[in-house]
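Understanding the architecture of this molecule
Residue strings, one per chain:
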Amino acid sequence: MPYPIPNRLVRPLVRTLSPYTPGEQPKVKGLVKLNTNENPYPPSPKVLRAVRAAVDGRLRLYPNPTADRLREKLARFHGCSPENIIVGNGSDELLEMAVRCFVEPVAEPHSSNRAGPTRSKHARHPANHIVQYFTPSYSLYPVLADMHGAIKNPVPLNSDFTLPTLPALKRGRLWNFNAALTFVTSPNAPSGRGYSTAELEALCRAQRGVILLDEAYAEFADEHALSLALRYPHVIVSRTFSKAYSLCFLRVGYFIAHPDLIRALHKIRDSYNVNGLGQIAAETTLDDIEYYRRNFAKIISTRDWLTGQLTTLGFKVVPSQTNFVFAMPPHTCNTSLDPGNRRRARMPDAKDWFLRLRDHKILVRWFDQPVVRDYLRITVGTPAQARHLVNVIRKILVAR
Ligand SMILES: *Cc1c(COP(=O)(O)O)cnc(C)c1O
């Protein structure tokens, strides 16, 4: 009896998936890494000490399954109750859990009967199958929807990446006010745009499914919408220790929402989903919040300096409320009015800029997708890194 063909053992849905593409983490000496929105500043000395002190024989023990101390501290920090909070192995884990918790997958097509267009884009699907999000926004959402066998409803933002108004969403007829789960990245990635709490609240009030405000970058913004999660039963706010608190490596994120939603999420959580060192690091972070507030201020001031410099050099920069900027290089801007001209002039587009910067050992992010492929997403580093970037860009511009 021959063994089965391995691929045949994989669910049809999984066979067709394309995985999320994370930013590269190359090990190149002297590389200026501005591609994954990591914080350029290390965690506070207190946090490093606490983590080091925890590395001993206790590593053999399981961590607290529900991150109780961390949830208590977070509850005090945000003025809510621990019942409003669930902690995850990074907020990415929680985003995936939200899809599983609130969205009904469509029945998987029978493998013998796969020819029919069982999931035609245009078929009207019941709202309980729908994962909805604006485009462009965090590119993980469609991946999570596909993994689960949910129906995606991507709805374009305005061309300047601002949020469409409620009347515009109603007129546009694409938006589904009953979608089981709606993701709103706020401030947005990769555009960097912030949305006002007032416009988010209007959207939340119109929505009948769960609406998840992914506030991964809130600490770099003028305002945040955490209060909405405590005022509305269907609003979840997602936060992470990765970006603002320099803890990407340890993977800690959390949701704030109505206790009933949080209880439901706990039911589908892995028993020990948050590692012990991550819990300790996050708890200690909250004891040293002033250190981090100084870093936010530094990053914001570097961001604003970088925005000014890039603008002077002819880049079109989207106003940023995050720790990165989304910038259209000069020649893309000039020729985007006349695509034919771009070919003739053979001026570098955003991808060429990405490659040229990489030749200079500066790594930024370029997305090969409609609308965003004319832009570079550049993480705000230290002032020295930002100055270096600007100097290299100047050199590239002169060389042409
Ligand atoms: C980075 C990021 C996350 C994920 O953060 P982790 O907590 O590290 O998983 C979630 N949402 C957005 C928009 C992000 O940029």
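The present account deals with the structure reproduced in this document.

What counts as what
- Residues numbered from 1 in each chain as written.
- Predicted model: local features only at pLDDT ≥ 70, side-chain atom pairs only at ≥ 80, totals over all residues.
- Heavy atoms only, no water.
- Near = heavy atom within 4 Å.
- Polar contact = N/O pair within 3.5 Å; in protein donor to acceptor, adjacent residues only side chain to side chain.
- Areas by Shrake-Rupley, 256 points an atom, 1.4 Å probe, with all protein chains shown as cover.
- Pairing = 2+ DSSP bridges.
- Helix = DSSP H or I, 4+ residues; strand = E, 2+ residues; numbered from the N terminus.
- Axes fitted to C-alpha atoms, helices over the stretch in contact; angles between N-to-C directions.
- Contact = heavy atoms within 4.5 Å.
- Core = buried A, V, L, I, M, F, W, Y, C linked by side-chain atoms within 4.5 Å.
- Buried < 20%, exposed > 50% of the residue type's maximum accessible area, 1.4 Å probe, protein only.
- Salt bridge = Lys/Arg side-chain N within 4 Å of Asp/Glu carboxyl O.
- Phe/Tyr/Trp six-rings, centres within 6.5 Å; stacked < 30°, edge-to-face > 60°.

With that out of the way, let us pick up the site of the ligand. Taken together, G90, S91, D92, Y138, T185, D214, A216, Y217, T240, S242, K243 and R251 are the residues near the ligand. Measuring from an oxygen atom of the ligand, one finds a backbone N or O atom of S91 at 2.6 Å. Within the side chain of T240, one N or O atom sits 2.5 Å away from an oxygen atom of the ligand. Taken by itself the ligand offers 390 Å² of open surface, and the protein chains cover 94% of this.

The seven strands lie next to each other as 2-8-7-6-5-3-4, forming an open sheet whose pairing is mixed. Unpaired on one side and paired on the other, strand 2 (85-89) and strand 4 (151-156) mark the two borders of the sheet. Recorded for the sheet is a direction-independent mean angle of 25° between the axes of neighbouring strands. The pairing of strand 6 (residues 210-214) with strand 7 (residues 235-240) spans four bridges and is parallel. Counted as the bridge partner of D214 is S238 from strand 7. Along the sheet, helix 7 (residues 197-206) makes contact with strand 3 (130-135), strand 5 (181-185), strand 6 and strand 7, crossing strand 6 at roughly 160°.

As a rule of thumb, nonpolar side chains are buried together in soluble globular proteins. One finds L70, V87, F134, L213 and F241 to be the most contacted residues of the largest nonpolar core, which totals 61 residues. When residues of this core are assigned to their parent elements, the largest contribution, five residues, is made by helix 11 (residues 289-312). When sequence neighbours within four positions are dropped, the list of residues in contact with F241 reads L70, L74, S246, L247, V252, Y254, A282, T285 and L286. Of all hydrophobic cores here, the second largest spans 28 residues; its members include L94, A180, I236 and L265.

Attention shifts here to the sheet that holds strand 9 (residues 316-318). The strand order across the open sheet formed by three strands is 9-10-12, and the pairing between neighbours is antiparallel. The two strands at the open ends of the sheet, each matched to only one other strand, are strand 9 and strand 12 (376-379). Between one strand axis and the next, the sheet turns by 30° as a mean value, whatever way the strands run. As paired elements, strand 9 and strand 10 (residues 324-328) share three bridges and run antiparallel to each other. By the bridge assignment for strand 10, V317 is matched with A327.

Another aspect to go through is the pairing of strand 12. Side chains L376 and I378 of strand 12 all project onto a buried face; the interleaved residues R377 and T379 project onto the opposite face, where all are buried too. As judged from the four bridges shared by strand 10 and strand 12, these two strands associate in the antiparallel manner. Bridged to V325 within strand 12 is I378.

Counted by the stated rule, this structure contains 14 salt bridges. Residue K73 is joined to D287 by a salt bridge in which the shortest nitrogen-to-oxygen separation is 2.9 Å. Taken together, the residues span a long stretch of sequence, with K73 in helix 3 (residues 68-78) and D287 in helix 10 (residues 276-287) at a distance of 214 residues. Ionic pairing is found between R239 and E215, a salt bridge with its closest N-O pair at 2.9 Å. Linking R239 in strand 7 with E215 in the loop between strand 6 and helix 8 (226-231), this pair joins segments that are 24 residues apart in sequence. The exposure class assigned to E215 is buried, which follows from its relative accessible area of 1%.

Our focus in this paragraph is the environment of D68. Relative to the helices and strands, D68 is located in helix 3. By relative accessible area, which is 28% here, D68 ends up partly exposed. Expressed as a C-alpha distance, the spacing of D68 and L313, which sit 245 residues apart in the sequence, is 50 Å.

Bringing the packing of aromatic side chains into the picture now. What the rule picks out here adds up to 17 aromatic pairs. The interplanar angle of 90° and the centroid separation of 5.4 Å between the aromatic rings of Y138 and Y141 together place this pair among those described as edge-to-face. For Y138, a relative accessible area of 19% translates into the label buried. A centroid spacing of 5.0 Å and a plane angle of 80° characterise the contact between Y217 and F324, whose relative ring orientation is edge-to-face. With a gap of 107 residues between them, Y217 in the loop between strand 6 and helix 8 and F324 in strand 10 connect regions that are remote in the sequence.

On their own, these measurements won't tell you what the molecule is for.
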